[in-house]
Amino acid sequence: MKQTNVQVLFRREPRGFPVADDFEIVEAPVPLPGPGQFLVGSLFLSLDPYMRMLMGGGWTFFGAAMVPGQVMVGRVLGKVLESNNPNFKPGDHVVGRLGWQMYAVSDGKDLDFKVVPKDNVPLTAYLGACGSNGVTGWTGLKIIGQPKEGECVLVSAAAGSVGSAVGQIAKAMGCRTIGIAGGPEKCRIVTGEFGFDACCDYKRDDLAEQIGAAADDGVDVYFDSVGGAMLDTVLPHLNRLARVPVCGVLSQYNAEGTPYGVTNTRLVFDKSLRIQGFLLSNYRETWDKARAELEDLVASGRLRYRETIAKGLENAPDAFIGMLRGRNLGKQLVKLT
Ligand SMILES: NC(=O)c1ccc[n+]([C@@H]2O[C@H](COP(=O)([O-])OP(=O)(O)OC[C@H]3O[C@@H](n4cnc5c(N)ncnc54)[C@H](OP(=O)(O)O)[C@@H]3O)[C@@H](O)[C@H]2O)c1
């Protein structure tokens, strides 16, 4: 173990997309675990869009916004190095919100779970397909979207970590699956590797026509991670009684000025649509069930995923900015050792 901790701190609120100067990299002493605590060495850091919301001033649905000088909030896969807690022993792998840093102490309350290794499930999957991203997809799709066999499920940000899982879970439920992703290369992977039946490229200027062609019988579930103008484009393609789990609003996180106002709201009434936002943290009671199903899907090869892995904590800000701009394919991680 090294004697020095390295941390990435939140420095200031970005204007629009974050830039490198919004972060600060510092050294600090490695913390000592007190009674009931244990020391975790970070192995991989997960970079997620919600962190951008926490860089804004004030309160967000994801919790209190960060204050300057605070270690950047983030989920880590780490290994217990020293322990004064009987429930965690050196060598255990844990996943939790331990921040953008090389070492952290925990008492277990800030952890999501202790990893129980499973054959054919790589450890990093617990930050993506079998971690909060996969469980988010499972929750929004199964609990809110409730697709039935044979229905059509449309998924935005389909090349990303949550979206790629949603499409494959829906496929395993017997649905027709259509993705929306940015660019031909991502669309090829969405169909070729993640097994969607079709993929629409939103960077072209004919998204509505592409959705119409791919979903000629209409869409029954729209898993929305983007919001804004894309939601307006999708609404006319929804069938009566369609469900829209709203997982996130990627189009709005870095937007400046007045937020986009959806205009097609009359269709919500005309088609008796159900549009429902959700937060994973409000569905803790089904986390273990979801993770067990996702582990089975990954282990059996029915849930495939991609990872984009940056190397070194000092490169985390750049990787984070890249993820917000769509440079990642699948789960954006940072390897820390
Ligand atoms: N509700 C919850 O509890 C919860 C929990 C976890 C995540 N989420 C949400 O789930 C969504 C996906 O998260 P993730 O971690 O899986 O990220 P991700 O999809 O792996 O990465 C972000 C992707 O978003 C796409 N994107 C960025 N800006 C966009 C825009 N303006 N319009 C359309 N697409 C855009 C980019 O792909 P392209 O190249 O295809 O544009 C980028 O690769 C986010 O909205 C996130 O906030 C919600």
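All right, on to the packing of helix 2 (residues 132–145) against helix 3 (residues 161–172) then. Where helix 2 contacts helix 3, the two axes come as close as 8 Å, and the packing angle between them is 50 degrees. Between helix 2 and helix 3, the angle is such that the two are oblique. Crossing hand, helix 2 versus helix 3: right-handed. Contact residues: Asn133, Gly134, Thr136, Gly137, Trp138 and Leu141 in helix 2; Ser161, Val162, Ala165, Val166, Ile169 and Ala170 in helix 3. Per-class residue counts for the contact of helix 2 with helix 3 are seven nonpolar, five polar and no charged.

Right, let's talk about helix 9 (residues 316–324) for a bit. Owing to its 3.6 residues per turn, the α-helix brings residues three or four apart onto one side. Listed as buried for helix 9 are Ala316, Pro317, Ala319, Phe320, Ile321 and Met323. Taken together, the buried residues of helix 9 touch strand 1 (4–10), strand 2 (23–29), strand 3 (38–46), helix 1 (50–54), strand 16 (307–311) and strand 17 (331–335). Once helix 9 finishes, Gly326 follows within two positions and takes phi at roughly 85 degrees, a positive value.

With 92 residues, the main nonpolar core has Leu154, Ala316 and Val334 as its most contacted residues. A domain-level breakdown of this core finds at least three residues from each of domain 1 (4–128 + 306–335) and domain 2 (132–281). With residues near it in sequence (within four places) discarded, Ala316 still touches Val8, Leu45, Leu47, Trp100, Ala310 and Val334.

Across a sheet, strands are paired by hydrogen bonds formed along the backbone, either parallel or antiparallel in direction. Spatial ordering of the open sheet is given by 12-11-10-13-14-15, a layout of six strands whose pairing is parallel. Both outer strands of the open sheet, strand 12 (198–201) and strand 15 (274–277), are each paired with one neighbouring strand and no more. Across the sheet, the axes of successive neighbouring strands diverge by a mean angle of 15 degrees, strand direction being ignored. Bridge analysis of strand 14 (residues 238–246) against strand 15 gives four bridges, and the strand direction is parallel. Across the sheet, residue Arg243 finds its bridge partner in strand 15, namely Arg274. Of the strands in this sheet, strand 11 (176–181) and strand 12 touch helix 4 (residues 184–192), which is tilted by about 165 degrees from strand 12.

Moving on: the site of the ligand. Every one of the 28 residues lining the ligand counts as a neighbour, but Gly160, Gly182, Gly248, Leu280 and Gly326 are closest to it. Listed by contribution, the elements that provide at least two residues to the shell around the ligand are helix 2 and helix 3. Class assignment of the residues belonging to the shell around the ligand gives a composition of 14 nonpolar, twelve polar and two charged. Each of domain 1 (4–128 + 306–335) and domain 2 (132–281) gives at least three residues to the shell around the ligand.

It is worth spelling out the domain arrangement of the protein chain at this point. Along its sequence, the protein chain is organised into domain 1 (4–128 + 306–335) and domain 2 (132–281). Placing a centre on the C-alpha atoms of domain 1 and another on those of domain 2 gives a separation of 28 Å. For the side of domain 1 that touches domain 2, the class distribution of residues is six nonpolar, four polar and five charged.

Now for the confidence of the model for the protein chain. In this model, the protein chain carries a mean pLDDT of 96, and residues with pLDDT of at least 70 account for 99%. Summarising per-element confidence for the protein chain, the mean pLDDT is lowest in strand 4 (residues 59–60) (69) and highest in strand 10 (residues 152–155) (99).

Summarising the sheet, strand 3 and strand 6 (residues 75–83) pair through eight bridges and their orientation is antiparallel. Paired with Ser42 across the two strands is Gly78, which belongs to strand 6. In this sheet, strand 7 (residues 93–96) lies alongside strand 6 in antiparallel orientation, the contact comprising four bridges. The partner of Lys79 across the bridge, within strand 7, is His93.

A word on the packing of helix 2 against helix 8 (residues 287–299). The N-to-C vectors of helix 2 and helix 8 enclose an angle of 105 degrees; their axes lie 9 Å apart at closest approach. The orientation of helix 2 with respect to helix 8, classified from their angle, is roughly perpendicular. Residues Gly134, Val135, Trp138 and Thr139 of helix 2 lie in contact with helix 8, whose contacting residues are Trp287, Ala290, Arg291, Glu293 and Leu294. Across the contact of helix 2 with helix 8, the residue classes tally to five nonpolar, two polar and two charged.

In this fold, Gly301 is placed in the loop between helix 8 and strand 16. Judged by the 8 C-beta atoms lying within 10 Å of it, Gly301 falls in the exposed class. Counting along the chain gives 127 residues from Gly301 to Gly174, while the straight-line C-alpha distance between them is 17 Å.

With a phi angle near 65 degrees, Leu241 is a residue other than glycine that sits in the positive phi range. Checked against the element boundaries, Leu241 lands in strand 14. On the basis of neighbour count, Leu241 is assigned to the exposed category, with 10 C-beta atoms found within 10 Å. Even without being a glycine, Ser272 presents a positive backbone phi close to 50 degrees. You can call Ser272 exposed: it has 10 C-beta atoms within 10 Å.

Scoring rules and cut-offs
- Residues numbered from 1 in each chain as written.
- Predicted model: local features only at pLDDT ≥ 70, side-chain atom pairs only at ≥ 80, totals over all residues.
- Axes fitted to C-alpha atoms, helices over the stretch in contact; angles between N-to-C directions.
- Helix = DSSP H or I, 4+ residues; strand = E, 2+ residues; numbered from the N terminus.
- Parallel < 35°, antiparallel > 145°, perpendicular 65-115°, else oblique.
- Left-handed = near helix turned anticlockwise from the far one by under 90°.
- Contact = placed C-beta atoms within 7 Å.
- Nonpolar A, V, L, I, M, F, W, Y, C, P; charged D, E, K, R; others polar.
- Buried ≥ 20, exposed ≤ 12 C-beta atoms within 10 Å, placed from the backbone.
- Core = buried A, V, L, I, M, F, W, Y, C linked by C-beta atoms within 7 Å.
- Domains from an automatic or database assignment.
- Pairing = 2+ DSSP bridges.
- Near = placed C-beta within 6 Å.
- pLDDT = per-residue confidence, 0-100.

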